[in-house]
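# Overview (structure and organization)
If you want the building blocks of each chain, they are given just below.
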Amino acid sequence: MAEGHSNSGIAEKLVVTVPAVERHVTGIFLKLGLQQAESSQHRRVLAVLHYLKR
């Protein structure tokens, strides 16, 4: 996700299903406190920024 891949791109790279990636991405957003009301792309950017702050 931090590299800008879509869910299907991540699934292909990790050899897992798209629904599995979606579940994990949702978990990441929840742990970071990113609201579902925000757009998906916006939440991905916020997640990457949060990761880079470490």
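Going by the structure above, here's the rest.
Residues numbered from 1 in each chain as written. Predicted model: local features only at pLDDT ≥ 70, side-chain atom pairs only at ≥ 80, totals over all residues. Heavy atoms only, no water.

All right, on to the nonpolar core then. Formed by Ile 10, Ala 11, Val 21, Val 25, Phe 29, Leu 34 and Ala 47, the largest nonpolar core amounts to seven residues. Elements represented by at least two residues in this core include exactly helix H1 (7-14) and helix H2 (18-32). Per-element tally for this core: the top contributor is H2, with three residues. Excluding residues within four positions of it along the chain, Val 25 makes contact with Met 1, Asn 7 and Arg 44. (Core = buried A, V, L, I, M, F, W, Y, C linked by side-chain atoms within 4.5 Å. Buried < 20%, exposed > 50% of the residue type's maximum accessible area, 1.4 Å probe, protein only. Helix = DSSP H or I, 4+ residues; strand = E, 2+ residues; numbered from the N terminus. Contact = heavy atoms within 4.5 Å.)

Turning to its location among the elements, Pro 19 is positioned in helix H2. Judged by its relative accessible area of 44%, Pro 19 falls in the partly exposed class. Spatially, the C-alpha atoms of Pro 19 and Asn 7 are 8.5 Å apart, while their sequence positions differ by 12 residues.

On the surface, a cluster of nonpolar side chains totalling about 430 Å² of accessible area is made up of Val 45, Leu 49, Tyr 51 and Leu 52. Relative to the elements of secondary structure, Val 45 occurs in helix H3 (residues 40-53). (Patch = residues over 30% accessible without salt bridge, like charges linked within 9 Å, V, L, I, M, F, W, Y side chains within 5 Å. Areas by Shrake-Rupley, 256 points an atom, 1.4 Å probe, with all protein chains shown as cover. Salt bridge = Lys/Arg side-chain N within 4 Å of Asp/Glu carboxyl O.)

As a further point, take H2. Its 15 residues place the ends of H2 21 Å apart at the C-alpha level, agreeing with the 21 Å of an ideal helix rising 1.5 Å per residue. Following H2 by one or two positions, Gly 33 has its phi on the positive side, about 75 degrees. (Expected span 1.5 Å × (residues − 1).)

That is the geometry; function is a separate question.
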